[in-house]
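Read off the chains here:
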Amino acid sequence: MDTTHRDLERDIERIDAMLHADEAPRGRRAAKSGGSEDESGRKGGRRSEREAAATRIEVIDLGEVDGLGIEDKDVLRTLRELATSHSTFAEAYAGCFAGSVYLPEAPGATRKRVHFGFCLDAARLALLNIDGAYSGTAEGALTDDLSSYPSAPRALYELLRHLIREDFLRLVDVEGELSDIEERIIAAPSRLRGDDGRILRRRRELMRLNGAYQQLDELASTIAQDDDGLLPRTDRRLFNTLSQRAQRLSAKAEYLREYCVQLIELKDARADARRDATNLYLTVVASIFVPITTITGWYGMNFSNMPELSWEYGYATVIALSLVIIAAELAFFKWKKWL
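Below or above, wherever it landed, is the structure these notes cover. If you're wondering where the values come from, they're calculated on a predicted model, not measured in any experiment.

1. Some details on the overall build of the protein
Alright, step 1. Within the protein, the regular secondary structure consists of nine helices and five strands.
Alright, step 2. In sequence order, the secondary structure elements of the protein are arranged as α-α-β-α-β-β-β-β-α-α-α-α-α-α.
Alright, step 3. Buried residues in the protein amount to 35% of all 339 residues.
Alright, step 4. A total of about 20700 Å² of accessible surface is found on the protein, and carbon and sulfur atoms cover 52% of it.

2. Some words on unusual backbone geometry
Alright, step 1. One non-glycine residue with positive phi stands out, namely D226, at about 45 degrees.
Alright, step 2. Since its relative accessible area comes to 6%, D226 is described here as buried.

3. Topic: the pattern of salt bridges
Alright, step 1. According to the stated counting rule, one finds 13 salt bridges in the structure shown.
Alright, step 2. One salt bridge in this structure joins R161 and E158, with 2.9 Å as the shortest N-O distance. Linking R161 with E158, this pair stays in helix α5 (residues 152-163), spanning three residues, or about one helical turn.
Alright, step 3. The class of R161 is partly exposed, set by a relative accessible area of 33%.

4. Topic: the nonpolar core
Alright, step 1. Membership of the largest hydrophobic core comes to 46 residues, with the highest contact counts inside it found for F118, L120, L125, L156, L160 and I223.
Alright, step 2. Of all the elements in the fold, those that place two or more residues in this core are β3 (97-103), β4 (114-120), β5 (125-129), α5, α6 (167-187), α7 (193-225) and α8 (233-299).
Alright, step 3. With residues near it in sequence (within four places) discarded, L120 still touches C96, F97, L125, A152, P153, L156, I223 and L231.
Alright, step 4. Within the second largest apolar cluster, 16 residues are counted, among which are L62, I70, L128 and I130.

5. With respect to the pairing of β4
Alright, step 1. The element β4 is largely enclosed, with a buried count of seven among its seven residues.
Alright, step 2. Side chains V114, F116, F118 and L120 project from β4 onto one buried face, and the interleaved H115, G117 and C119 project onto a second face that is buried too.
Alright, step 3. Of the strand pairs in this sheet, β3 and β4 are connected by seven bridges, and their pairing is antiparallel. Considered in β4, the bridge of Y102 is made with H115.
Alright, step 4. Once β4 ends, the chain turns through four residues before running back antiparallel as β5.

6. Remarks on the packing of α5 against α8
Alright, step 1. Interaxial distance between α5 and α8 falls to 9 Å at its minimum, and their mutual angle equals 15 degrees. In this view, α5 runs roughly parallel relative to α8, as classed from their interaxial angle. The hand of the α5/α8 crossing is left-handed. Residue-level contacts link P153, R154, L156, Y157, L160 and R161 of α5 to D235, L238, F239, T241, L242 and R245 of α8.
Alright, step 2. Looking at the contact of α5 with α8 residue by residue, the classes come out as seven nonpolar, one polar and four charged.

7. Points about α5
Alright, step 1. With twelve residues, α5 extends 17 Å between its outermost C-alpha atoms, agreeing within 8% with the 16 Å of an ideal straight helix rising 1.5 Å per residue.
Alright, step 2. The buried count for α5 comes to ten of twelve residues, which makes it a mostly enclosed element.
Alright, step 3. Of the residues making up α5, those classed as buried are A152, P153, A155, L156, Y157, E158, L159, L160, H162 and L163.
Alright, step 4. Near the N-terminus of α5, the side chain that reaches the backbone nitrogen of R154, with its oxygen 3.2 Å away, is that of S151.

8. Section: the sheet that holds strand β2 (residues 89-92)
Alright, step 1. Ordered by their spatial adjacency, five strands build an open sheet running β1-β5-β4-β3-β2, and the pairing between neighbours is mixed. The sheet is open, and its two borders are formed by β1 (57-61) and β2, each paired with just one other strand. On average, each strand axis in the sheet is tilted by 20 degrees relative to the strand beside it, whichever way the strands run.
Alright, step 2. Seen against the sheet, α5 touches β1, β3, β4 and β5 and runs at an angle of roughly 165 degrees to β4.

9. Focus: the packing of aromatic side chains
Alright, step 1. The full count for this structure, using the stated rule, is four aromatic pairs.
Alright, step 2. Ring centres 6.2 Å apart and planes at 70 degrees place the aromatic pair Y157 and F239 in the edge-to-face group. On the criterion of sequence distance, the pair formed by Y157 in helix α5 and F239 in helix α8 is long-range, its members being 82 residues apart. Here Y157 and F239 have matching classes, each one buried.
Alright, step 3. Ring-pair connections join several aromatic residues into one group, and the members of that group are F332, F333 and W335.

Cut-off values and rules
Residues numbered from 1 in each chain as written. Predicted model: local features only at pLDDT ≥ 70, side-chain atom pairs only at ≥ 80, totals over all residues. Heavy atoms only, no water. Helix = DSSP H or I, 4+ residues; strand = E, 2+ residues; numbered from the N terminus. Buried < 20%, exposed > 50% of the residue type's maximum accessible area, 1.4 Å probe, protein only. Areas by Shrake-Rupley, 256 points an atom, 1.4 Å probe, with all protein chains shown as cover. Salt bridge = Lys/Arg side-chain N within 4 Å of Asp/Glu carboxyl O. Core = buried A, V, L, I, M, F, W, Y, C linked by side-chain atoms within 4.5 Å. Contact = heavy atoms within 4.5 Å. Pairing = 2+ DSSP bridges. Axes fitted to C-alpha atoms, helices over the stretch in contact; angles between N-to-C directions. Parallel < 35°, antiparallel > 145°, perpendicular 65-115°, else oblique. Left-handed = near helix turned anticlockwise from the far one by under 90°. Nonpolar A, V, L, I, M, F, W, Y, C, P; charged D, E, K, R; others polar. Expected span 1.5 Å × (residues − 1). Polar contact = N/O pair within 3.5 Å; in protein donor to acceptor, adjacent residues only side chain to side chain. Phe/Tyr/Trp six-rings, centres within 6.5 Å; stacked < 30°, edge-to-face > 60°.

Set out below in structure tokens:
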């Protein structure tokens, strides 16, 4: 009887184990199809986490730094000093990145001057409006749809990408403008008085932009390096992409700045060539009349024993001799290609 009872218990345990083994695959299949209630709850949990991360993006004034709840004194000191910083940089601290973004006005006034600070970690991005120059367009890039940003680092990346999204096209427009000026220099250098100022203005703009792109490259590289592993690898890749884009913009701006310098040198060279041509023309004209002036000087002395003074054909002979000298000089100058 005891043996039968024990056998019956073993059979029940075996059947129960078989039932659990059969339910496990069905549970996994349901999870893949998205039909299980637990998986739906987990998906909802991930959405909540993403939205919670997005809601940690905030725009504050510089005087509200103390309200961020940051305890690191070095970070607070950096954020408070941003008001006097007109540069783009990022510094890595134990628990976050802090820095400043300063972008001058883009060519064609497609972007106003932008200056704001930031404090970034994996879960929060605080943007600090430094001097009222925080662009409404840039702010709109974040505030239009916060839920579209899966993380705070991604939001900062999208903001910076949004700010420079049209800069390369504007630089191409500047290149076309400079090419037009070059054609006018070659065709009519004497009519470019108004273009001197345009070339110099573009050169100054490009110099400022090149510096801003180089600093943006350093900022993105600092965040992408992330020695402490604060950010996910996917977010670090985004900043590496931003660094490469800033390098391309910097190279383009530097090329156009050198182009401006070359245009100034070309214009000066063309002006010098025109002056040389004018001086050569005047020199040739003066040279033509040097022998005639010499003859005039001789016969102006009026010595009594000078030949041809009393000769009937003396005057006509001097005229004919002068014309022959002039013709010979013209032929010589043309042979030398001075005329």
